[in-house]
Amino acid sequence: MRVLVLGGTTEARQLYVALEQRADRFAVTVSLAGATRAPVLPALDVRIGGFGGIDGLRDWLLAHHIEAVIDATHPFAVQMSNHAVAACAQAHVKLLRIARPGWTPVAGDCWTCVPDMQAAACALGVTPRRVLLTVGRKDLLPFHHAGPHDWLLRCVDAPDPALLPAGTRLLLARGPFDEAGEEALLRRERIDVIVTKNSGGTATQAKLAAARRLGLGVIMVERPSVAPAQTVPDAAAAMAWLESLSGLHGKPAHKKSCK
Ligand SMILES: NC(=O)c1ccc[n+]([C@@H]2O[C@H](COP(=O)([O-])OP(=O)(O)OC[C@H]3O[C@@H](n4cnc5c(N)ncnc54)[C@H](OP(=O)(O)O)[C@@H]3O)[C@@H](O)[C@H]2O)c1
């Protein structure tokens, strides 16, 4: 069964491990955007770079006889997810999305939930604060016009310096992060507030527990809306879906009676 996995997340990497064991059943291509300079590559067929919009993805699915697509992209990679919905519908290919649950506040958390990056920048206010930005390296423009804050940006790859708010210090690091390390970072940098996307998952969750312990505020950018699709929460459920689909694969739609 020919499968395309749209990757770029922890869940995608977990799915690759399961699929690597099932080469007898699944012929898998993993697709990465090419955004990360040194991505973790699976022992599967990998293609890198965009498809060229909805039409490009539809044509690629048809040309490669893909029978199922797993959208394992990040909850904020909305354009890719929307393209997958449209292209799979046009090409009559089955689509499953892995959408890890978002984070929810617990007792002791001090979150300000905002709908987008612009609102996050406004929520910081005008009094100078020491801010840990963990929003990736692409969505930084709104922070150029925020108050006179001291910025520490943590991301996997260094951004174009022109995209950085003035005076931003960079911390290049790839998760997962643990609570002790996060608390030490927040103390050492005398951070007042964290700005983060509501990515969900465990890899980058420790900063929230560390902020809770230190009584720090968190500005939480909520997830953007995305076109509806059949969804599961994790890689194991996606693998089960693929296995059940491949069980049906090749069976006739209607059984003839032998009587
Ligand atoms: N956004 C985040 O916060 C975030 C965080 C961690 C990881 N990531 C990962 O980084 C990648 C890019 O994220 P993004 O937010 O820039 O996506 P996006 O805004 O939704 O997508 C922009 C364009 O990048 C291409 N693209 C995205 N994901 C792709 C994939 N897996 N394979 C091939 N092309 C892909 C597509 O180009 P075409 O239209 O030309 O096909 C898409 O239209 C995704 O794989 C995502 O899982 C994103």
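Residues numbered from 1 in each chain as written. Predicted model: local features only at pLDDT ≥ 70, side-chain atom pairs only at ≥ 80, totals over all residues. Heavy atoms only, no water.

- In the annotation of an unreviewed UniProt entry, the protein is listed under the name Cobalt-precorrin-6A reductase and assigned to Komagataeibacter nataicola.

## Digging into the sheet that holds strand E3 (residues 45–48)
And then number 1: Taken together, the 6 strands give an open sheet; going across it, the order is E3-E2-E1-E4-E5-E12, and neighbouring strands pair in parallel fashion. The two strands at the open ends of the sheet, each matched to only one other strand, are E3 and strand E12 (231–232).
And then number 2: With 4 bridges connecting them, strand E4 (residues 68–71) and strand E5 (residues 94–98) associate as parallel partners. Within E5, the position partnered with Ile70 by the bridge is Leu96.
And then number 3: Helix H2 (residues 53–63) rests against strand E1 (2–6), strand E2 (27–32), E3 and E4 of the sheet, and its axis sits at about 150 degrees to E1. (Pairing = 2+ DSSP bridges. Helix = DSSP H or I, 4+ residues; strand = E, 2+ residues; numbered from the N terminus. Contact = heavy atoms within 4.5 Å. Axes fitted to C-alpha atoms, helices over the stretch in contact; angles between N-to-C directions.)

## Remarks on the pattern of salt bridges
If charged atoms from side chains of opposite charge come close, those side chains can pair.
And then number 1: Within this structure, the stated rule accounts for 18 salt bridges.
And then number 2: For the salt bridge of Arg137 with Asp157, the shortest nitrogen-to-oxygen distance reads 3.9 Å. Residue Arg137 is found in the loop between strand E7 (130–134) and helix H5 (141–144), and its partner Asp157 is found in the loop between strand E8 (150–155) and strand E9 (169–172); the two are separated by 20 residues along the sequence.
And then number 3: Accessibility expressed as a relative area gives 22% for Arg137, which makes it partly exposed.
And then number 4: With a closest N to O distance of 2.7 Å, Glu183 and Arg213 form a salt bridge. (Salt bridge = Lys/Arg side-chain N within 4 Å of Asp/Glu carboxyl O. Buried < 20%, exposed > 50% of the residue type's maximum accessible area, 1.4 Å probe, protein only.)

## As for helix H3 (residues 78–91)
And then number 1: A rise of 1.5 Å per residue sets the reference length of H3, with its 14 residues, at 20 Å; its end C-alpha atoms lie 20 Å apart and thus fit the reference within 8%.
And then number 2: Those residues of H3 that are buried lie in contact with E1, H2, E4 and E5.
And then number 3: Directly after H3, the chain includes His92, whose backbone phi takes a positive value near 55 degrees. (Expected span 1.5 Å × (residues − 1).)

## Quick word on the nonpolar core
And then number 1: Of all hydrophobic cores here, the largest spans 24 residues; its most connected members are Val5, Leu15, Leu19 and Ile70.
And then number 2: Of all elements in the fold, only E1, helix H1 (10–20), E2, E4, E5 and helix H8 (235–248) reach the threshold of two or more residues within this core.
And then number 3: The biggest single contributor to this core is H8, with 6 residues.
And then number 4: Look past the residues within four positions of Val5 in its chain and what remains in contact with it is Leu15, Tyr16, Leu19, Val28, Thr29, Val30, Ser31, Ile70 and Ala72.
And then number 5: Listed in part, the 20 residues of the second largest apolar core include Leu124, Cys155, Leu164 and Val221. (Core = buried A, V, L, I, M, F, W, Y, C linked by side-chain atoms within 4.5 Å.)

## A few points about the sheet that holds strand E6 (residues 111–114)
And then number 1: Overall, parallel pairing links the 6 strands, which are arranged E6-E11-E10-E7-E8-E9 in an open sheet. Only two strands of the sheet have a single neighbouring strand rather than two, namely E6 and E9. Strand-to-strand twist across the sheet, computed as the mean angle between neighbouring axes with direction ignored, equals 20 degrees.
And then number 2: Summarising the sheet, E6 and strand E11 (residues 217–221) pair through 4 bridges and their orientation is parallel. When the sheet's bridge partners are listed, Val114 is paired in E11 with Val221.
And then number 3: Of the strands in this sheet, E7, E8, E9 and strand E10 (193–197) touch helix H6 (residues 179–188), which is tilted by about 155 degrees from E8.
And then number 4: Sheet contacts for helix H7 (residues 206–214): E6, E7, E8, E10 and E11; angle to E10, the most-contacted strand, approximately 155 degrees.

## Some details on the site of the ligand
And then number 1: Gly7, Ser31, Phe51, Lys138 and Lys197 are the nearest of the 21 residues found near the ligand.
And then number 2: At 2.9 Å from an oxygen atom of the ligand is found a main-chain nitrogen or oxygen belonging to Gly52.
And then number 3: A distance of 2.8 Å separates an oxygen atom of the ligand from a polar atom in the backbone of Met80.
And then number 4: When the free accessible area of the ligand is taken as 810 Å², the share hidden by the protein chains comes to 78%. (Near = heavy atom within 4 Å. Polar contact = N/O pair within 3.5 Å; in protein donor to acceptor, adjacent residues only side chain to side chain. Areas by Shrake-Rupley, 256 points an atom, 1.4 Å probe, with all protein chains shown as cover.)

## Observations regarding the pairing of E2
And then number 1: For E2, the tally of buried residues reaches 5 of 6 residues, placing the bulk of the element in the interior.
And then number 2: After leaving E1, the chain enters H1 and then returns to the sheet as E2, a path that is right-handed.
And then number 3: In terms of strand pairing, E2 meets E3 through 4 bridges, oriented parallel. Bridge pairing links Val30 to Val46 in E3. (Right-handed = clockwise from strand over helix to strand, strands pointing away.)

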